[in-house]
Amino acid sequence: MDMVLAALLEKLEYELVSGSEDMQIENVVYDSRKVTEGSLFICIEGGTADGHTFIPDVVKKGAKALIVTKDVSGLLPADADVTVIRVKDSRYALAFVSAAYFGHPAEKLKVIGITGTKGKTTTAYYLQSMLDACLKKQGGNGCALLSSIEYYDGKTREASTLTTPESLELCRHMRNAVDAGLSHMVMEVSSQALKYE
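This is a predicted model, so every value here is computed, not measured. (Residues numbered from 1 in each chain as written. Predicted model: local features only at pLDDT ≥ 70, side-chain atom pairs only at ≥ 80, totals over all residues. Heavy atoms only, no water.)

Enquirer: Could you clarify how one ought to interpret the overall build of the protein in this entry?
Expert: Scanning the protein from terminus to terminus reveals 6 helices and 12 strands. A globule of 197 residues ought to have a C-alpha radius of gyration of about 16 Å, and the protein, at 18 Å, matches this closely. Relative to its 197 residues, the protein shows a buried fraction of 45%. Taking as baseline every contact in the protein between residues at least 6 positions apart, the subset at least 24 positions apart corresponds to 56%. Side chains of the protein give 21 positive and 26 negative charges; the mean places of these two sets differ by 8 Å. (Helix = DSSP H or I, 4+ residues; strand = E, 2+ residues; numbered from the N terminus. Rg over C-alpha atoms; globule rule 2.2 N^0.38 Å. Buried < 20%, exposed > 50% of the residue type's maximum accessible area, 1.4 Å probe, protein only. Contact = heavy atoms within 4.5 Å. Lys, Arg positive; Asp, Glu negative; His and termini not counted. Charge placed at Lys NZ, Arg CZ, Asp CG, Glu CD.)

Enquirer: Would you explain the environment of aspartate 50 in this entry?
Expert: Inspection of the secondary structure assignment puts aspartate 50 in the loop between strand S5 (39-42) and helix H2 (55-60). Placed 133 residues apart in sequence, aspartate 50 and serine 183 show a C-alpha to C-alpha distance of 37 Å. If we skip the residues at most four places from it in the chain, aspartate 50 touches Ile44, Glu45 and Lys70. Only 2.7 Å separates the side chain of aspartate 50 from the side chain of lysine 70, close enough to count as a polar contact. (Polar contact = N/O pair within 3.5 Å; in protein donor to acceptor, adjacent residues only side chain to side chain.)

Enquirer: Teacher, can you tell me more about the packing of helix H3 (residues 90-101) against helix H5 (residues 167-179) here?
Expert: Helix packing geometry: the angle between the two helix axes and the distance between the axes. Interaxial distance between H3 and H5 falls to 8 Å at its minimum, and their mutual angle equals 25 degrees. By the angle between their directions, the pair H3 and H5 is classed as roughly parallel. Seen along the crossing, H3 lies across H5 with a hand that is right-handed. For the pair formed by H3 and H5, the contact residues are Leu94, Ala95, Ser98 and Ala99 on the first element and Ser167, Leu168 and Cys171 on the second. Residues of the contact of H3 with H5, tallied by class, amount to 5 nonpolar, 2 polar and no charged. (Axes fitted to C-alpha atoms, helices over the stretch in contact; angles between N-to-C directions. Parallel < 35°, antiparallel > 145°, perpendicular 65-115°, else oblique. Left-handed = near helix turned anticlockwise from the far one by under 90°. Nonpolar A, V, L, I, M, F, W, Y, C, P; charged D, E, K, R; others polar.)

Enquirer: It is not clear to me how the side chain of serine 190 should be interpreted in this structure. Could you clarify?
Expert: Looking at the secondary structure, you find serine 190 in the loop between strand S12 (184-188) and helix H6 (191-195). Looking at serine 190, the relative accessible area reads 17%, which means it is buried.

Enquirer: I'm lost on the sheet that holds strand S6 (residues 65-68) in this one. Help?
Expert: Whether parallel or antiparallel, the strands of a sheet pair through hydrogen bonds between backbone atoms. Judged by pairing direction, the sheet is mixed, and its 5 strands sit side by side in the order S2-S7-S6-S5-S4 without closing on themselves. Edge positions in the open sheet fall to strand S2 (15-18) and strand S4 (27-29), since each of these has one partner strand only. Neighbour to neighbour, the strand axes of the sheet diverge by 20 degrees on average, direction disregarded. The sheet contacts of H3 involve S4, S5 and S6, and relative to S5 the element is tilted by about 150 degrees. (Pairing = 2+ DSSP bridges.)

Enquirer: I tried to follow the pairing of strand S7 (residues 83-86) on my own but got confused; where do I start?
Expert: Sheet faces and side chains relate simply in a regular strand, where the side chains alternate between the two faces. One ladder, built from 3 bridges, connects S2 with S7; its direction is antiparallel. Paired with serine 18 across the strands is valine 84, a residue of S7.

Enquirer: Please explain the pattern of salt bridges as it appears in this structure.
Expert: When their charged atoms lie close together, side chains carrying opposite charge are able to pair. Applying the stated criterion across every chain yields a total of 11 salt bridges. Aspartate 179 is the salt-bridge partner of lysine 155, the closest N and O atoms lying 3.8 Å from each other. Taken as a pair, lysine 155 in the loop between strand S10 (150-152) and strand S11 (157-159) and aspartate 179 in helix H5 lie far apart in primary sequence, 24 residues in all. The partly exposed category is assigned to aspartate 179, whose relative accessible area is 44%. A salt bridge links arginine 175 to aspartate 179, with the nearest nitrogen and oxygen atoms 3.1 Å apart. Note that arginine 175 and aspartate 179 are positioned in helix H5 at a spacing of 4 residues, about one turn of the helix. Within this structure, Glu45, Asp50 and Lys70 form a network of salt bridges that share partners. (Salt bridge = Lys/Arg side-chain N within 4 Å of Asp/Glu carboxyl O.)

Enquirer: Explanation requested: the pairing of S5 in the structure shown.
Expert: By the alternation rule, side chains of S5 split into Ser39 and Phe41 and Leu40 and Ile42, which are all buried. Sheet topology places S4 next to S5; 3 bridges connect them, and they run parallel. When the sheet's bridge partners are listed, valine 29 is paired in S5 with phenylalanine 41.

Remember, this is a structural readout, not a statement about activity or role.
Put into structure tokens, the structure is as follows:
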């Protein structure tokens, strides 16, 4: 799924540091190991590593655009033909870019988020089961589920890696649910996900 960079940045406040927004983006990633030719690489700070440190590597792998939060001119190879976009918060930018990349799937779903200290998983499974049965009885395709145990989006069922996936994966699951004809999604929402918007 490729898009023009400007379309991915449409609802985002940013500064164009270098390059052009009129380029095709083949892939959106924040994990340097997943960069392919034509990728937009979003440098996430925090956690175990600073994404900015991977800039030389992702440019060699073919990243054509970078979303950064600081000056990276010293990290770019001299001959790099890369568009650089600066934002205040790259994780926040990832959410906007992810939504645009997958066609704003949350707008096409009824999403029910469950948060709290205890009982999120049990409540999510009960609610998903009831909605699934009700929706199928009415001729629908059922209800998606994102929990701390598994992710089910109508196309894939896989073990979860986080209670709430990163926004890129979250939007991919939502897109899959929409494409599978699901109208509802029940998901656990961790306090960390709320903290990082």
